[in-house]
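# Fold and contact review
One-letter residues, chain by chain:
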Amino acid sequence: MTMTLLVRRCLFLAAAIFAFLFVVSRSFAQQQPWMNSQLSPDARADLVLEEMTLDEKIDLLHGNGMRGVSEPRPNDYLSNGGAGFVLGVPRLGIPMIQMSDAAYGVRSSGENGRYSTALPSNLAAAASWDTQAACDYGALIGRELRAQGFNMTLGGGTNITREPRNGRTFEYQGEDPILAGTLVGNRIKCEQAQHVLGDIKHYAVNDQESGRNEVNVIITKRALHESDLLAFKIGITIGNPSAVMCSYNAVNGDFACENKYLLTDVLKKEWAFPGFVVSDWWATHSTVKASAAGLDNEQPMDEFFGAKLKEAVQSGKVPLSEIDDHVRRVLRSEFAAGLIDFPTQKSVVDVEGGFDTARRIAEQSTVLLKNSNATLPLDHAKLHSIAIIGLNADFGMISGGGSAQVDAPGRAPTKWNEHIWFPTSPLKAVSAKVPNATVAFDSGKDPVTAAALAQKSDVAIVFASQWTGEEMDLPNLSLPDNQDALIAQVAAANPHTIVVLESGTAVLMPWLDNVAAVLDAWFAGSKGADAVANILFGDVNPSAKLPMTFPRSEADLPHPNLVIPPKEAPGRAAVIKSGEAKPTFAVNYDEGLKVGYKWYDAENKPVLFPFGFGLSYTKYSYSAMKVNPGKETVVTFTVKNTGSRSGDEIAQVYAALPASAAEPPKRLVGWNKIHLNSGESREVSVQIPVEYLSIYGENPDGWKLVPGSYTFMAGPSSKDLPLSSKVELK
Ligand code: BGC
């Protein structure tokens, strides 16, 4: 027998033995009591836990590297190509956890030779105020994760927009905790229904990117609970996510991933969160302290929760009961989400279905901010020439960067924070609406040629973009690259100038008075251009409303100057992976409860566009308000469509608390989105849980209703509330 033949036979034998053992151990696992899906996730987790060795337990508490970023490890081949993975326990039927970022779609499809739908950004979708859209959003991502072999999402960004220059504002759900929490909760609920582990992040107050690894956020307990934590609490209550990702920053002195107050006292005790806490990538700073504080899983490596954790258990520094608690949380989440009963099966992503959902959500998310003289909708019959102006507006629309980035089809995998344009072409989408008109394009690089084209066209549509991404904050809210001058010159050449913004956050508009119409399409996703064209030509009546205030200038923000690390600060490298790390600078959120519109209201500062604002092609009137106090306060009123087109109205309810509560002037407490045909009216009823009317008090800590006189207000935006009614609440 030749050597090669011998080697081949040995390999064949080894493979056969491996396959045999695999089948035997799988069928053994299959017959075990924890495979009984009639038992509760907790009972199933306990049964597995009893069988596990210490090494197997430790395996569940850390990652094994992030391909292409961390040093490759021998078991790297087990990775599905996502941001991280956790080993399973094959002999007990516990699968690996394969994690992927999936903020507005599944990340890293390019380098893995796969495809993902890009939905409109999270901020965009928040402008729909639509819980069904949030559900569709989550379900699509859940399906595409599974199709690509992942069983955990790292999406679910819920940080409150307290600093609008934050480069990740597009990944979050705006400035109001009740709106943000409700939407992210519905997204997670439907994402997890696809049998993937859901996640909510970045817990907590990771509200700026500047110095995010080194910053210490100083904030009062009350402001913390009534802003960011309230959004997380609502999101967790509605969505039941498997995991909460702790953030990079420190909060009141302790890094979030070793912050006992945040992880144990609030999350696990006060809110009774049964899932696990996963660290943001390289946000773990210790073994004993982090484990005791409530961190359950370190990512993406095992610097602190691998050998060091095992050693800490063996030397008695970390009790085994603490390890068991971490492991139980991971296991029960896997059973609860259905990872074990419905193992992942790779399949082909439903591209057409994804386009449809992406377009529909973009249509619900695009906000009509200005529409002088009913410029919009455009009338195909009357238009002979249209100028399409703007960088890449012939080709595509911009998307948000960082770990949220979805790879665009037909091009190489994205490099970190590269500007990626999705091939959804405004020029083509508009041209398709007006086959008999001339539609011409100018990139806008030279405002003079753009203005000349605008002058000889019936209307000019400028697509203006503001790219944002992770690990950066914007220096200001102005459009970059001379686009303000471009818009001003085009508007001077053509009074029928329409601006379509592709933005990741609020935008300043020095040219606002001189343009006829403005739409904010945000980062609009795979089918953004079709959605925008449908709105421009009136096939869709816009209904979205701003989930964040657009200020007049940075001078009006709570922190006119972005708080950045001082020059002498040692930087990220000094704190990351260091067990001794301390934050190196502080940001003091001394605006307290006054976040977003609550700030502008309290400080009497006029804004460019208020929270909750958005126009429609029809008109609505509000009347007949009644307030019924009770276990839940119920506010009812009538909304009538007084215009000539059908539409969806987002009717908002705000409450002013009694003066003794010492709160900002008002807060959003509920809303209802209703479809009304022309001339139709409907009684709307909004249920308000008592907590949404309460304040977070200390000693004893918790939510309390302040007895006194409450004013309820209803209307189309935070600054337009035609109805109001006072009641006493006890
Ligand atoms: C981000 C997280 C992300 C993780 C993994 C971090 O830089 O802050 O949001 O999930 O990377 O990619």
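Described below are features of the structure shown in this document. (Residues numbered from 1 in each chain as written. Predicted model: local features only at pLDDT ≥ 70, side-chain atom pairs only at ≥ 80, totals over all residues. Heavy atoms only, no water.)

### A look at the site of the ligand
Selection criterion: Whether a residue is near a molecule or strand is decided by its heavy atoms; if any one of them lies within 4 Å of it, the residue is near. Two N or O atoms form a polar contact when they lie within 3.5 Å of each other; inside protein one atom must be a possible hydrogen donor and the other a possible acceptor, and for residues adjacent in sequence the pair counts only when both atoms belong to side chains. Surface accessibility follows the Shrake-Rupley procedure with a 1.4 Å probe radius. Residue values consider only the protein chains on display as shielding. Amino acids outside the nonpolar list (Ala, Val, Leu, Ile, Met, Phe, Trp, Tyr, Cys, Pro) and the charged list (Asp, Glu, Lys, Arg) are all regarded as polar, and Gly is one of them.
Looking at the ligand, there are 15 residues lining it, with Asp101, Arg168, His202, Asp280 and Glu470 nearest. A distance of 2.4 Å is found between an oxygen atom of the ligand and a side-chain nitrogen or oxygen belonging to Asp101. Relative to its unbound accessible area of 310 Å², the ligand is 95% covered by the protein chains. Residues that form the shell around the ligand fall into these classes: six nonpolar, two polar and seven charged.

### What about the environment of Asn122?
In plain terms, the rule: Runs of H or I in DSSP of at least four residues are treated as helices and runs of E of at least two as strands, each being numbered from the N terminus. We call two residues in contact when some of their heavy atoms are within 4.5 Å.
Along the polypeptide, Asn122 turns up in helix 4 (residues 122-126). Taking C-alpha positions, Asn122 is 8.9 Å from Phe523, a pair spaced 401 residues apart along the chain. Setting aside chain neighbours within four positions, we find Asn122 in contact with Ala103, Tyr104, Tyr137, Phe170, Glu171, Tyr172, Gln173 and Arg187.

### A few points about the sheet that holds strand 4 (residues 199-203)
Applied cut-off: Note on pairing: DSSP must find at least two bridges between two strands before they are called paired. To obtain each axis, a line is fitted to C-alpha atoms, and for helices this fit is confined to the stretch in contact; angles are then taken between N-to-C directions over 0 to 180 degrees.
Spatial ordering of the open sheet is given by 4-6-9, a layout of three strands whose pairing is parallel. Each edge of the open sheet carries a strand with a single partner, namely strand 4 and strand 9 (276-279). Across the sheet, the mean angle from the axis of one strand to that of its neighbour is 30°, orientation sign disregarded. Relative to strand 9, strand 6 (residues 243-246) runs parallel, the two sharing four bridges. Considered in strand 9, the bridge of Met245 is made with Val278.

### Details of the environment of Asp199
Inspection of the secondary structure assignment puts Asp199 in strand 4. Spatially, the C-alpha atom of Asp199 lies 4.7 Å from that of Ala243, the residues being 44 residues apart in sequence. Within the structure, Asp199 has its side chain in polar contact with the backbone nitrogen of Met245 (distance 3.4 Å).

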